[in-house]
Amino acid sequence: GAVVSQHPSRVICKSGTSVKIECRSLDFQATTMFWYRQFPKQSLMLMATSNEGSKATYEQGVEKDKFLINHASLTLSTLTVTSAHPEDSSFYICSARLGGPNQPQHFGDGTRLSIL
Amino acid sequence: AQSVTQPDIHITVSEGASLELRCNYSYGATPYLFWYVQSPGQGLQLLLKYFSGDTLVQGIKGFEAEFKRSQSSFNLRKPSVHWSDAAEYFCAVGAGPSGSARQLTFGSGTQLTVLP
């Protein structure tokens, strides 16, 4: 149980394009989803917390106009990297939480984004 | 603010040997502690969690961890390592006001190499 699917697993695109990443909780409803960014050989850095039906809460230093998050249903959150540039290349991972704030997060397999 | 320290960046053990990965946390209240494992290019899998109660927690794949409040530690152990255990291991603390979207703060990770 508690499976989180993230799509696509890998994206390569030209600078200036926008890229959408989907995060789905397959067998449970997630009131809260999280988006992380991970640089090579580093830990996960929380970008934003997404609650269904409300605006996402962004961490300090994360541009909300650059990284658009939509959490339209209890099983789907999307992250759109707008007008992507090479410095946005990274590994993006989503997670979803089943139940209350003390429950563990369940992670997707990540999306490798490469901007040329 | 909470923080997590994983003192060992890289650990190498022989297959069949015992393993202990160290984790120290800093948090003013009772922490919620997690260990996750990440294989290359993939998301994170939950190994085990501690919320309260018995300080020795059993997880999946034969892992266990012991919460020691006096030492602010939550070390991960396995009595006999298998080659498939080679991966990156992250300790995390869940913290935040009760009822909020409790967030995870991750340690920097420990890379485990298993020698045949």
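Novice: Account for the sheet that holds strand 3 (residues 19-25) of chain A, with residues named and values stated.
Specialist: Residues and elements named next belong to chain A. Strand order in the open sheet formed by 4 strands is 1-3-8-7, with antiparallel pairing between adjacent strands. Taken across any chain shown, the strands that pair with only one partner, and hence form the sheet edges, are strand 1 (4-7) and strand 7 (67-73). Between one strand axis and the next, the sheet turns through 15° on average, direction left out of account.

Novice: An account of the environment of B:Asp54 is needed here, citing residue identities and associated values.
Specialist: Residues and elements named next belong to chain B. Structurally, Asp54 can be placed in the loop between strand 6 (44-50) and strand 7 (56-58). Exposure remark for Asp54: the relative accessible area of 58% places this residue in the exposed category. As a C-alpha pair, Asp54 and Glu66 span 12 residues in sequence and 8.9 Å in three-dimensional space.

Novice: Describe the nonpolar core, listing the residues and the values that go with them.
Specialist: Core analysis: the largest hydrophobic core is formed by 26 residues, its most contacted members being B:Leu19, B:Trp35, B:Leu47, B:Leu48, B:Phe74, B:Leu76 and B:Tyr89. Of all the secondary structure elements, the ones that give two or more residues to this core are strand 2 (10-14), strand 3 (19-21), strand 5 (32-38), strand 6, strand 8 (64-68), strand 9 (73-78), strand 10 (87-95) and strand 12 (110-115) of chain B. Per element, the largest residue contribution to this core is 4 residues, and it comes from strand 10 of chain B. If we skip the residues at most four places from it in the chain, B:Leu48 touches B:Leu33, B:Phe34, B:Trp35, B:Val57, B:Gln58, B:Gly59, B:Phe63, B:Glu64, B:Ala65, B:Phe74 and B:Leu76. Listed in part, the 24 residues of the second largest apolar core include A:Val11, A:Phe28, A:Ala30 and A:Tyr92.

Novice: Could you give me a rundown of the state of the cysteines, with the residues and numbers involved?
Specialist: Under the definition given, this model contains 2 disulfides over all chains. Between A:Cys23 and A:Cys94 runs a disulfide, and the two sulfur atoms are separated by 2.0 Å. Residues A:Cys23 and A:Cys94 share a disulfide whose torsion about the S-S bond is about 80°; that sign makes it right-handed. Residue A:Cys23 is located in strand 3, and its partner A:Cys94 is located in strand 9 (residues 90-97); the two are separated by 71 residues in the primary sequence. For the pair A:Cys23 and A:Cys94, one class covers both residues: buried. For B:Cys23, the disulfide goes to B:Cys91, at an S-S distance of 2.0 Å. Because the torsion about its S-S bond is -65°, the bridge between B:Cys23 and B:Cys91 counts as left-handed. Placement of B:Cys23 in the loop between strand 3 and strand 4 (24-26) and of B:Cys91 in strand 10 is noted, with a sequence separation of 68 residues between them.

Novice: Hey, could you go over the confidence of the model for chain B for me, with residue numbers and the actual values?
Specialist: Put simply, chain B has an average pLDDT of 90, and 94% of its residues get 70 or more. Of all helices and strands in chain B, the one with the weakest mean pLDDT is strand 11 (residues 103-106) of chain B (86), whereas strand 3 of chain B scores best (98).

Conventions adopted
Residues numbered from 1 in each chain as written. Chains lettered and ligands numbered in written order. Predicted model: local features only at pLDDT ≥ 70, side-chain atom pairs only at ≥ 80, totals over all residues. Heavy atoms only, no water. Pairing = 2+ DSSP bridges. Helix = DSSP H or I, 4+ residues; strand = E, 2+ residues; numbered from the N terminus. Axes fitted to C-alpha atoms, helices over the stretch in contact; angles between N-to-C directions. Buried < 20%, exposed > 50% of the residue type's maximum accessible area, 1.4 Å probe, protein only. Core = buried A, V, L, I, M, F, W, Y, C linked by side-chain atoms within 4.5 Å. Contact = heavy atoms within 4.5 Å. Disulfide = S-S within 2.5 Å. pLDDT = per-residue confidence, 0-100.

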